[in-house]
Amino acid sequence: MATATSPNSLLLRNPNRSTTIRFGKNPNPSRVNGVNLSSGRRYKPISITCSTTQVECPPTSAAQSLDRVFNFAAGPATLPENVLKRAQSELYNWHGSGMSVMEMSHRGKEFLSIIQKAESDLRALLDVPAEYAVLFLQGGATSQFAAIPLNLCKRDDPVDILVTGSWGDKAFKEAQKFCKPSVIWSGKSEKYTKIPSFDGLDQNPDAKYLHICANETIHGVEFKNYPTPKNKDALLIADMSSNFCSKPVDVSKFGLIYAGAQKNVGPSGVTIVIVRKDLVGNAQEITPVMFDYKIHVDNNSLYNTPPCYGIYMCGLVFEDLLAQGGLKEVEKKNIKKAQILYDAIDESNGFYRCPVEKSVRSLMNVPFTLEKSDLEAEFIKEAAKEKMIQLKGHRSVGGMRASIYNAMPLAGVEKLVAFMKDFQARHA
């Protein structure tokens with residue numbers, strides 16, 4: 001197995017098979033790759049040996065390397081450290097192919113093996129039924145606010161939308177261009193801090209689908225179970241961007257699930273759609289070709305050049321989640337992390353406050369405020385000095401927000417809680 005000489009080194013060595021690059025004579029000895037070397041000192045030629053063998057992805061460790069921060073960003077977000085190291089080891093020469101994944105033809109056998117394994121592993125993680133297609137697209141989850149009504153509705157079809165936060169509201173506004181959506185409940189008047197009882201929802205019996213945002217990234221509200229559409233032929237549609245693959249989900253309850261990858265399963269640039277196959281092929285005539293699900297299903301997500309490296313990274317994350325024991329085990333870890341943080345907030349005698357109703361608090365995004373709001377900037381500044389970054393709340397709500405996705409190790413949450421208690425002791 002190839003190993004790196006340091007966490008950030010690309011000087012990787014495989015004694016069995018390697019490619020060596022030597023830098024010796026240069027037609028312009030005063031400059032190498034644009035770097036000025038005319039300091040009078042002599043430089044010896046160096047060699048770099050790059051691994052070409054596959055490096056297995058060990059399960060994510062609970063600790064964090066000393067040279068990395070704990071990144072609480074809402075997205076793009078922290079990635080598993082072991083996944084990053086594996087990607088680093090495979091960057092220059094993927095599995096002896098003589099090229100990086102970033103250089104591969106998306107129609108070549110090498111990349112086909114990558115995208116096919118990524119889909120297979122995602123299907124295993126979520127137990128995706130065979131009658132569902134898995135698509136790796138672009139445009140972010142926001143693009144699906146238009147693609148979903150364009151593919152599943154006619155212009156005059158009614159649809160129901162539950163608005164539990166900013167993203168549900170954006171989905172409603174975009175759908176107005178392509179169908180007849182109705183907001184059957186909104187939490188805006190209560191600053192998006194709760195989810196309604198499903199029994200009292202005033203659903204349209206003719207609605208084509210019921211749309212929810214399973215986890216509101218900004219406001220920290222998460223569905224713990226899911227409503228059933230009143231119309232027996234209607235579909236349940238879910239934006240799962242910020243809790244995708246954080247826990248098991250019964251895919252068969254949904255007509256379509258979609259998610260941006262950049263929060264829980266990969267870098268920005270990949271949008272995942274899981275859609276029941278019988279729903280594909282009825283797009284409105286005005287649907288742009290890149291928004292037509294049938295085009296992408298028929299071409300196995302390869303109609304045009306996909307975000308190849310992002311899909312590769314997602315595949316490594318899926319492999320890592322499987323190595324951890326699957327989503328049941330991942331959920332246990334997420335519950336433990338969230339409980340530690342929420343307990344610290346609730347037991348602070350009001351110094352810290354989380355506005356979200358306890359029964360629907362997100363396991364992924366934890367918003368909180370300080371009793372003394374003028375201390376919030378100092379809190380964020382001091383936390384950054386302790387290598388805990390991106391704790392500032394979304395600009396629309398203020399306060400703080402700790403996003404503790406799958407890849408956030410327990411040690412990161414424990415360090416944040418210890419800092420919170422120390423900060424309170426000094427400022428209460």
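All values reported here derive from a predicted model rather than from experimental measurement.

A. Fine view of the overall build of the protein. Helix and strand content of the protein: nine helices and 20 strands. Among the 428 residues that make up the protein, the fraction classed as buried is 52%. In the protein, of all internal contacts separated by at least 6 residues, the share reaching a separation of at least 24 is 70%. Of the accessible surface of the protein, which amounts to about 20200 Å², a share of 51% is contributed by carbon and sulfur atoms.

B. A look at the packing of helix α3 (residues 140–152) against helix α4 (residues 166–175). The N-to-C vectors of α3 and α4 enclose an angle of 45 degrees; their axes lie 9 Å apart at closest approach. The orientation of α3 relative to α4 falls into the category oblique. Once α3 is placed against α4, the crossing between them reads as right-handed. For the pair α3 and α4, contact is made by T142, F145, A146 and P149 and by W167, K170, A171, E174 and A175, respectively. Of the residues contributing to the contact of α3 with α4, the split by class is six nonpolar, one polar and two charged.

C. View of the sheet that holds strand β14 (residues 235–239). Across the sheet, which stays open at both edges, the seven strands sit in the order β8-β16-β15-β14-β11-β9-β10 with mixed pairing between neighbours. At either end of the open sheet lies a strand with only one pairing partner, and these are β8 (132–137) and β10 (180–186). Ignoring which end each strand starts from, the neighbouring axes of this sheet average 15 degrees apart. Of the pairings in the sheet, the one linking strand β9 (residues 158–163) to strand β11 (residues 209–213) comprises two bridges and is parallel in character.

D. Just the nonpolar core, in detail. L126, F244, I274, L341 and F379 are the most contacted members of the largest nonpolar core, which has 90 residues in total. Counting residues per element, this core draws most heavily on helix α6 (residues 308–323), at nine residues. Excluding residues that lie within four positions of it along the chain, I274 makes contacts with L126, V128, Y132, A133, V134, F244, V251, G255, L256 and I257. Counting residues in hydrophobic clusters, the runner-up holds 27 residues, among them L152, L235, V275 and Y293.

E. Up close: the environment of L322. Relative to the assigned elements, L322 resides in helix α6. In this structure the C-alpha to C-alpha distance between L322 and L125, which are 197 residues apart in sequence, comes to 6.7 Å. The residues touching L322, leaving out its near neighbours within four places in the chain, are D121, A124 and L125.

F. Highlighting the pairing of strand β20 (residues 400–403). What you see with β20 is no split at all: M400 and A402 on one side and R401 and S403 on the other are buried throughout. As paired strands, strand β18 (residues 365–370) and β20 are joined by four bridges and run antiparallel to one another. Looking at the pairing, N365 lines up with S403 of β20.

G. Just the packing of aromatic side chains, in detail. If you walk through the whole model with that rule in mind, you get twelve aromatic pairs. When the centroid spacing of 6.0 Å and the interplanar angle of 70 degrees are considered together, the rings of Y352 and F379 count as edge-to-face. Of the two residues, Y352 is situated in strand β17 (residues 352–353) and F379 in helix α8 (residues 376–385); the sequence distance between them amounts to 27 residues. Pair check on accessibility: Y352 and F379 agree, each one buried. Considering the side-chain rings of F379 and F423, the 5.2 Å spacing of their centres and the 80 degrees angle between planes classify their relative orientation as edge-to-face. Of this pair, F379 sits in helix α8 while F423 sits in helix α9 (residues 410–427), and the two are 44 residues apart along the sequence. The pair formed by F379 and F423 is uniform in burial state, with each residue classed as buried.

Here is what the cut-offs are and how they apply
- Residues numbered from 1 in each chain as written.
- Predicted model: local features only at pLDDT ≥ 70, side-chain atom pairs only at ≥ 80, totals over all residues.
- Heavy atoms only, no water.
- Helix = DSSP H or I, 4+ residues; strand = E, 2+ residues; numbered from the N terminus.
- Buried < 20%, exposed > 50% of the residue type's maximum accessible area, 1.4 Å probe, protein only.
- Contact = heavy atoms within 4.5 Å.
- Areas by Shrake-Rupley, 256 points an atom, 1.4 Å probe, with all protein chains shown as cover.
- Axes fitted to C-alpha atoms, helices over the stretch in contact; angles between N-to-C directions.
- Parallel < 35°, antiparallel > 145°, perpendicular 65-115°, else oblique.
- Left-handed = near helix turned anticlockwise from the far one by under 90°.
- Nonpolar A, V, L, I, M, F, W, Y, C, P; charged D, E, K, R; others polar.
- Pairing = 2+ DSSP bridges.
- Core = buried A, V, L, I, M, F, W, Y, C linked by side-chain atoms within 4.5 Å.
- Phe/Tyr/Trp six-rings, centres within 6.5 Å; stacked < 30°, edge-to-face > 60°.

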